[in-house]
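Here is how the chains run, residue by residue.
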Amino acid sequence: MRWHAYPDSETAAAACAQFIVARLEEALSGKEQATLALSGGSTPKPMFKTLAGLRFPWERVHVFWVDERAVPPDSPQSNYRLAAETFLTPAGVPQGNIHRILAELAPEEAARRYEQTVRDFFGLKPGELPHFDVIHRGMGADAHTASLFPGEPLIGDRQGIAAAVYAQRLGQWRITLLPGVLESARNTVMLVTGADKAEVLRAVFQEPYAPERYPAQLGSRGGAMTWFLDEGVARLIAGG
Ligand code: 6PG
C-alpha cells in the first residue's frame, strides 16, 4: 500500500483525479478501452470536478459503480447522479460507456442485472472475475468501503460479483461489488479525508488484516492500492 497526504481535501481530491487519469492512460496504451469503477459519498465531488476538467479520450473509458444506494437515478442520494452531474456529463463521457446500477429496481434484481452487465462487458466465463483497470473507493468512519459494512457476511465472499445488502446502520438497501472484484482490480485508488476518520485509518493501516472488521483493508494484500489523504486523516499514520 502506498499513501500520499495533502494539506487539504481539495488538493487530495485533485491529486487523486490526476492519478486515476494516469492509470487509465497506462491501460489505454495496451488496449482500446479502459474500465473505471466509481464510488459515491461526499468526498469524491471535488475529484469528479477535476476529472471533468481534464482533457482525456473519455470515449475510450467505460464507467461502472462500486456501489449504489437503492434509490432512483434522479435522487439526491444517487451515486450515479453525483458522478453524472459533476463528471460524466461535463466531461462528455458517451452514454453508451456509462454502466450504472439500476437501483430503482428491487435491490436483488438490480444486483442481478448489474452482475450480468459486468459479465457481458468483460466477457466472463462462469467463475471468472473482472479486472477493472481502476477502482475508486472511499472509506466511512466505521471502516466500511463500497457498501461492505463491518460484520457483513458477504465480506467472506470471493466468488461473487455484485449483491444487494441491507445497511442496518443506515436503514437502507445498497447494491455493491463484492470483495473478489475489489481485490481483482489492477489499481485501487482510495480517497479519504477528514480528521474524524484518523483513528479508523490508523487501525486499517496498522492492525492485522481483518476485512470483516475493517472492510477498507480489502485490496491491501497484493495488487496496487494507493491512498489519497488529507493531513487531518493522515495525522496518526504520518511518521508511523
Ligand atoms: C456510498 C459509498 C461509500 C463511501 C463511504 C465514504 O455510496 O456511500 O460508495 O462506500 O465511499 O461511505 O463516504 P463519504 O465520502 O461520504 O465519507
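Calculation notes
Residues numbered from 1 in each chain as written. Predicted model: local features only at pLDDT ≥ 70, side-chain atom pairs only at ≥ 80, totals over all residues. Heavy atoms only, no water. Helix = DSSP H or I, 4+ residues; strand = E, 2+ residues; numbered from the N terminus. Rg over C-alpha atoms; globule rule 2.2 N^0.38 Å. Buried < 20%, exposed > 50% of the residue type's maximum accessible area, 1.4 Å probe, protein only. Contact = heavy atoms within 4.5 Å. Axes fitted to C-alpha atoms, helices over the stretch in contact; angles between N-to-C directions. Parallel < 35°, antiparallel > 145°, perpendicular 65-115°, else oblique. Left-handed = near helix turned anticlockwise from the far one by under 90°. Nonpolar A, V, L, I, M, F, W, Y, C, P; charged D, E, K, R; others polar. Pairing = 2+ DSSP bridges.

Novice: Looking at this structure, how should I read the overall build of the chain?
Specialist: Tallying secondary structure elements over the chain gives 7 helices and 9 strands in all. For 240 residues, the compact-globule estimate of 2.2 N^0.38 gives 18 Å, and the C-alpha radius of gyration of the chain, at 16 Å, lies within 12% of that figure. In terms of overall dimensions, the chain has a C-alpha envelope of 45 × 40 × 35 Å along the principal axes. For the chain, buried positions account for 56% of its 240 residues. Of the contacts made within the chain by residues no fewer than 6 positions apart, 75% connect residues no fewer than 24 positions apart.

Novice: What is the right way to look at the packing of helix α1 (residues 9-30) against helix α2 (residues 45-53) in this model?
Specialist: Think of two packed helices as two axes; the pair is described by the angle between the axes and how far apart they sit. Where α1 meets α2, the axes come as close as 8 Å, and the angle between the chain directions of the two elements is 50 degrees. Here α2 runs oblique to α1, going by the angle between their axes. Two packed elements cross with a definite hand, and for α1 against α2 that hand is right-handed. The segment α1 lies against α2, with Glu10, Ala13, Ala14, Cys16, Ala17, Ile20 and Val21 engaging Pro46, Met47, Thr50 and Leu51. Residues that form the contact of α1 with α2 fall into these classes: 9 nonpolar, 1 polar and 1 charged.

Novice: I would appreciate a short explanation of the sheet that holds strand β1 (residues 2-6) in the present structure.
Specialist: Each strand in a sheet pairs with another by means of backbone hydrogen bonds, the pair being arranged parallel or else antiparallel. Pairing within the open sheet is parallel, and its 6 strands lie in the order β1-β9-β8-β5-β2-β3. The open sheet has two edge strands with one neighbour each: β1 and β3 (61-65). Between one strand axis and the next, the sheet turns by 20 degrees as a mean value, whatever way the strands run.

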